[in-house]
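# Notes for the structure review
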Amino acid sequence: MGLNSPYSHYFSTNDGVKLHYLDKGKGPPLLLLPTWNISCRIFKYQLEALSDQYRILALDMRGHGLSEKVNYGYKVHRFAKDLQDFIKHLQLSELNLLGHNFGATVICSYLELFGFSSISKLIFIDRAAVPMMNPIWTQTEIQRYGPTSDPKSLENLCYEITTTQEDHFMKIFFNTMVTHLAKDKHKELILKNSDTIPKKGAASLLFDAFYQDWRTLFPRITKPTLIIGGRASLISASSQIWTSQQIPNAKLIIFEEDEGGKHFPFVENSKKFNRVIDKFIQQQVNLIS
């Protein structure tokens, strides 16, 4: 689904940035936000399989995918404002809102800034409560919060992003994000839709995202929430369990490694993933069967 797709559309944010989105199907709206440096076309299998029951919306965030490549606004709070602009543009309500990793961070920022009034349900995929390591934390706290970097490592990573060849960084990064069972077509889908932001913007956005802390937000989330993690993910399954325990009445699904349980379960095991999402939205208690 690209420039010539009948499902491909654009709108402009309040600061004049042209953002691309996909809009397919009819029914309750389900808005999908990809992670950092990934195009919304990563949700190919959700657009194909779920659009017969839902209005599937997938947003290319600022600088991502087919959205405008500006040189400003690569901050989490600005992306949250872009999300609000999008929701207002389409006059969405009773919205099921799904965020993959960084997409979940954007949603958390949106909730803190703009509240819950447009939201029906929330789905967070493989996101740490606090991505940045604090040296004073105990091992128990590390397991709870799921950090994956320390300040020096993040600085080196951001430098590498801005100085490596066009797709060299993402190919290395990619190898830590899929299971050893990933099919070639799944790897191709992820790689084809990776490395989409201007380099300086990508580094700025990643740096900002790693310093977000959502621990005090979780207990204040009042909407039904589903947490999805992967047993083999760099973001520990224990942190996903802890997050689910902080959000009132949240549900939790952990994909095992042989189920595609790393960073992209919605690509590696789309059939189970789509079934879980459908059952959650339909308020069925047993999400796995």
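On a predicted model such as this, the values are computed, not experimentally measured, just so you know.

## Comments concerning the pattern of salt bridges
- Enumeration over the complete set of coordinates arrives at 12 salt bridges.
- Of the charged contacts, one joins Asp23 and Arg55 as a salt bridge, the two residues approaching to 2.6 Å between their closest N and O atoms. In this pair, Asp23 is assigned in strand E2 (residues 18–24) and Arg55 in strand E4 (residues 55–59), connecting sequence segments 32 residues apart.
- Residue classification places Arg55 among the partly exposed residues on the basis of a relative accessible area of 23%.
- One salt bridge in this structure joins Lys272 and Glu259, with 2.9 Å as the shortest N-O distance.

## Topic: the environment of Gly63
- With respect to the element layout, Gly63 can be found in the loop between E4 and helix H2 (76–89).
- Taking the relative accessible area as the measure of exposure, Gly63 reaches 0% and is therefore buried.
- Each C-alpha atom of the pair Gly63 and Tyr74 lies 8.2 Å from the other, and the pair is 11 residues apart in sequence.
- If sequence neighbours within four positions are ignored, Gly63 has contacts with Glu68, Lys69, Tyr74, Thr196, Ile197 and Pro198.

## So, the sheet that holds strand E1 (residues 8–12)
- Read from one edge of the open sheet, eight strands run E1-E2-E4-E3-E5-E6-E7-E8, paired in mixed fashion. Looking along the sheet, the strands with just one partner apiece sit at the ends: E1 and strand E8 (251–255). If you compare each strand with its neighbour and ignore which way they point, the axes differ by 20° on average.
- Relative to E4, E2 runs antiparallel, the two being bridged by four bridges. The partner of Leu22 across the bridge, within E4, is Ala58.
- Against the sheet, H2 contacts E1, E2, strand E3 (29–33), E4 and strand E5 (95–100), and its axis sits at roughly 110° relative to E1.

## Looking at the nonpolar core
- Among the nonpolar cores identified, the biggest contains 57 residues, and Leu31, Leu59, Leu83, Phe102, Phe124 and Ile221 are the most heavily contacted of them.
- One finds Cys40, Leu50, Ile125 and Phe266 within the second-largest nonpolar core, a separate group that totals 33 residues.

## What to know about the packing of aromatic side chains
- Under the counting rule described, the total for this entry stands at 13 aromatic pairs.
- An angle of 50° between the planes, with centres 6.3 Å apart, marks the rings of Tyr74 and Phe79 as tilted.
- We classify Tyr74 as buried; its relative accessible area is 5%.
- The exposure class of Phe79 is buried, given its relative accessible area of 2%.
- Linked through ring pairs, Phe43, Phe255, Phe264, Phe266 and Phe273 together constitute an aromatic cluster.
- The positively charged end of Lys121 is found above the aromatic ring belonging to Phe280, 5.0 Å away from the centroid.

## Digging into helix H8 (residues 199–210)
- With 12 residues, H8 ought to run about 16 Å at 1.5 Å a step, and its terminal C-alpha atoms sit 17 Å apart, in line with that.
- Taken together, the buried positions of H8 are Gly201, Ala202, Ala203, Leu205, Leu206, Asp208, Ala209 and Phe210.
- Packed against the buried residues of H8 are H2, helix H3 (102–114) and helix H5 (151–163).

## Considerations on the side chain of Asn96
- Within the secondary structure, Asn96 is located in strand E5.
- What Asn96 contacts, discounting residues up to four positions off in sequence, is Pro28, Pro29, Leu30, Leu31, Ser120, Lys121 and Ile281.

## Points about empty space enclosed by the protein
- For the coordinates displayed, the defined rule picks out one cavity of 30 Å³ or more.
- Within this model, the largest cavity holds a volume of roughly 60 Å³.
- What lines the largest cavity is simply Ala104, Cys108, Phe124, Arg127, Ala128, Trp214, Phe218, Ile227, Gln240 and Thr243.
- For the lining of the largest cavity, the secondary structure elements donating two or more residues are H3 and helix H9 (237–246).

Each value, and the rule that gives it
- Here the residue numbering is sequential within each chain, running from 1 through the sequence in written order.
- Given that this is a predicted model, residues contribute local features only at a pLDDT of at least 70 and side-chain atom pairs are listed and counted only at 80 or more, while totals for whole chains, interfaces and linings are drawn from all residues.
- Hydrogens and water are ignored here; the side-chain numbers use all heavy atoms of the structure.
- Salt bridge, as used here: a side-chain nitrogen of Lys or Arg that lies within 4 Å of a carboxyl oxygen of Asp or Glu.
- Here a helix means four or more residues in a row that DSSP labels H or I, a strand means two or more in a row labelled E, and each is numbered from the N terminus.
- Buried means the residue's accessible area, taken with a 1.4 Å probe over protein chains only, is under 20% of the maximum for its type, while exposed means over 50%, and partly exposed covers the values in between.
- Contact criterion: two residues are considered in contact whenever any of their non-hydrogen atoms come within 4.5 Å of each other.
- Here, a strand pair is defined by DSSP locating no fewer than two bridges between the strands.
- Only the stretch in contact is used when fitting a helix axis, every axis being a line fitted to C-alpha atoms; angles between N-to-C directions are given from 0 to 180 degrees.
- As used in this record, nonpolar core signifies buried Ala, Val, Leu, Ile, Met, Phe, Trp, Tyr and Cys residues forming a set joined through side-chain atoms within 4.5 Å.
- Classification of ring pairs uses Phe, Tyr and Trp, with its six-membered ring standing for Trp, and accepts pairs whose centres are within 6.5 Å; under 30 degrees between planes counts as stacked, over 60 as edge-to-face, and the remaining range as tilted.
- The criterion for a charge sitting over a ring is simple: Lys NZ or Arg CZ within 6 Å of the ring centre, and within 35 degrees of the ring normal.
- The span you would expect from a helix comes to 1.5 Å times its residue count less one.
- Whether a set of points on the 1 Å grid over the protein atoms alone is a cavity depends on a 1.4 Å probe fitting there but being unable to get out, while an open set qualifies as a pocket with protein on both sides within 12 Å along at least five of seven lines; lining residues are those with an atom within 4 Å of a point.
- Grid points are joined across faces, edges and corners, and a volume is the space filled by probe spheres set on the points.

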